[in-house]
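Structural features, examined
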Amino acid sequence: MSYKLFCMGDPLLDVQVHDNDLLTRYDLTPNDAILAEDKHQPLYDEIAQHPNATYVAGGGAQTAARGAAYCLPPKSVVYTGCVGGDDWADILRAADAHDGLDEVFLVRPDAKTGGCAVVITDHHRSLVTNHRAARLFHVSHLTSPSVAPLVSAAQVFYVEAFFLNHGLESVLHLATHASSTGKTLALNIGAPYIPVKLGDRLAQVLPHCDIIIANEVEAGSWATANGLPDPKDLPVVARALAMLPKVSKARPRLVIVTHGSRETVVVSSDAPDEPRTFKVPVLKDEDIADTNGAGDAFAGGFLAGYVQGKSLDECVAAGHKLASISISQPGPRFKWPKVNI
Ligand code: ADP
Ligand code: MG
Ligand code: MG
């Protein structure tokens, strides 16, 4: 079996609620992604009993992988991460299969599958992750007889930087494989805390990256952590990321910074002084269900275009289109019957 795109991340089940009050009570910021601390533990019981709670497959890379699979022919995309031996893992398996995504999970039967509390207010989403089984991933899964051939055969790798919380060795395994064989490694920075708290680990992976995806807050956080004077100047921040040392000379590095409804900025390391901007298709307020997973859906659409060898303009357009499909429904979910991307 030869999948073109191999994705790795924390498989999480999202529990979504629309509730302004929760933000204040749990001291959350509206547009952030954090790891649960002790003070957040009651949040999980609270939202599980919330009358409007919806359960939907989440996890950044899992959403992107489902998105890419949705756009591509069957057997194009495979996803790995660690789940528990519970019904939450089955919900994730069903959601992946629904969009044509094959998975090769590492299963820890005694652990519980990870979850993410998603508190939605207006067009923002605040994510509070509880990794549970997801943290138990081990690099030996990537070198196991069932997974190693998939790694060898894949052409493009997509990894979420969240994995650096627990799985630096696994990320570096894929990263060095990609850079030493001239394959493509795409990384999503995923949360503003990553460049701050896991900056050293991120710095070990970035030289292997061919494609770096971030939203405006994550790009800004990387800029601040690395001493750039204006973290809001997205073309300059993207340029700095693009110009970091690069191991593989097989292709220039692309840095893509999305910015919600505002234009997406792309800088390529072969033309660092020529940032490109791409307008986002306008969605009416009443057509937006929630923006949870928007950036991941963008990544999925972009990568689907990329593995088919499409142009940068086509890849960004596919990313924007898949993101608009995802945010027009509750949770990161795609529309069936299938819409052509
Ligand atoms: P993240 O979910 O990582 O914060 P963004 O918020 O930048 O990522 O959104 C990614 C993409 O989703 C955008 O480039 C755009 O295509 C789409 N998107 C997000 N929010 C909106 C919105 N309010 N209106 C229209 N499109 C949006
Ligand atoms: Mg956003
Ligand atoms: Mg994102």
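Overview of the structure. Worth saying up front: this structure is predicted, and the values here are computed from it rather than measured.

**A word on the packing of helix α3 (residues 60–71) against helix α11 (residues 294–307)**
In the contact formed by α3 and α11, the axes pass within 7 Å of each other and the chain directions differ by 40 degrees. The orientation of α3 relative to α11 falls into the category oblique. For the element pair α3 and α11, the recorded crossing hand is right-handed. Facing Gly60, Thr63, Ala64, Gly67, Ala68 and Cys71 of α3, the residues of α11 in contact are Asp296, Ala297, Ala299, Gly300, Gly301 and Ala304.

**Thoughts on the packing of helix α9 (residues 216–225) against helix α10 (residues 234–242)**
Orientation of α9 relative to α10, taken along the N-to-C sense of each, is 65 degrees, at an axis distance of 10 Å. As α9 packs across α10, the resulting crossing turns out to be left-handed. Contacts between α9 and α10 involve Glu216, Ala219, Trp222 and Ala223 on the former and, on the latter, Leu234, Val237, Ala240 and Leu241. Residue classes in the contact of α9 with α10 are distributed as seven nonpolar, no polar and one charged.

**What about the packing of aromatic side chains?**
According to the stated counting rule, one finds seven aromatic pairs in the structure shown. Between Tyr55 and Trp88, the ring centres sit 6.2 Å apart and the planes meet at 70 degrees, which makes this aromatic pair edge-to-face. Residue Tyr55 is found in strand β4 (residues 54–57), and its partner Trp88 is found in helix α4 (residues 87–98); the two are separated by 33 residues along the sequence. Between the aromatic rings of Tyr79 and Phe105, the centroid separation amounts to 5.9 Å while the plane-to-plane angle is 85 degrees, which identifies the pairing as edge-to-face.

**Quick notes on the site of ligand 1**
Lining the immediate surroundings of ligand 1 are 15 residues, of which Asn215, Thr258, Gly260, Gly295 and His320 lie closest. The side chain of Thr258 places a nitrogen or oxygen atom 2.7 Å from an oxygen atom of ligand 1. Surface burial for ligand 1 is 89%, taken as the share of its 550 Å² of free accessible area covered by protein chains. Those elements that provide at least two residues to the shell around ligand 1 are β14 (254–259), α11 and α12 (312–327). When residues in the shell around ligand 1 are grouped by element, the largest group, three residues, is from α12. Classifying every residue of the shell around ligand 1 gives five nonpolar, nine polar and one charged.

**Brief notes about α9**
Taken together, the buried positions of α9 are Glu218, Ala219, Gly220, Ser221, Trp222 and Ala223. For α9, the secondary structure elements touched by its buried residues are β12 (184–188), α7 (193–197), α8 (199–205), β13 (211–215), α10 and β14. Between the side-chain oxygen of the N-cap and the backbone nitrogen of Val217 there are 3.0 Å, and the N-cap of α9 in question is Asn215. Immediately beyond the C-terminal end of α9, within one or two residues, lies Gly227, with a positive phi of roughly 75 degrees.

**Section: the sheet that holds strand β5 (residues 77–80)**
Read from one edge of the open sheet, nine strands run β7-β5-β1-β11-β12-β13-β14-β15-β16, paired in mixed fashion. Each edge of the sheet is formed by a strand with only one pairing partner; in this case those strands are β7 (102–103) and β16 (276–278). In this sheet, strand β15 (residues 262–268) lies alongside β14 in antiparallel orientation, the contact comprising five bridges. Pairing of Leu254 across the sheet is with Ser268, part of β15. Along the sheet, α10 makes contact with β13, β14 and β15, crossing β15 at roughly 30 degrees.

Definitions and limits used
Residues numbered from 1 in each chain as written. Chains lettered and ligands numbered in written order. Predicted model: local features only at pLDDT ≥ 70, side-chain atom pairs only at ≥ 80, totals over all residues. Heavy atoms only, no water. Axes fitted to C-alpha atoms, helices over the stretch in contact; angles between N-to-C directions. Helix = DSSP H or I, 4+ residues; strand = E, 2+ residues; numbered from the N terminus. Parallel < 35°, antiparallel > 145°, perpendicular 65-115°, else oblique. Left-handed = near helix turned anticlockwise from the far one by under 90°. Contact = heavy atoms within 4.5 Å. Nonpolar A, V, L, I, M, F, W, Y, C, P; charged D, E, K, R; others polar. Phe/Tyr/Trp six-rings, centres within 6.5 Å; stacked < 30°, edge-to-face > 60°. Near = heavy atom within 4 Å. Polar contact = N/O pair within 3.5 Å; in protein donor to acceptor, adjacent residues only side chain to side chain. Areas by Shrake-Rupley, 256 points an atom, 1.4 Å probe, with all protein chains shown as cover. Buried < 20%, exposed > 50% of the residue type's maximum accessible area, 1.4 Å probe, protein only. Pairing = 2+ DSSP bridges.

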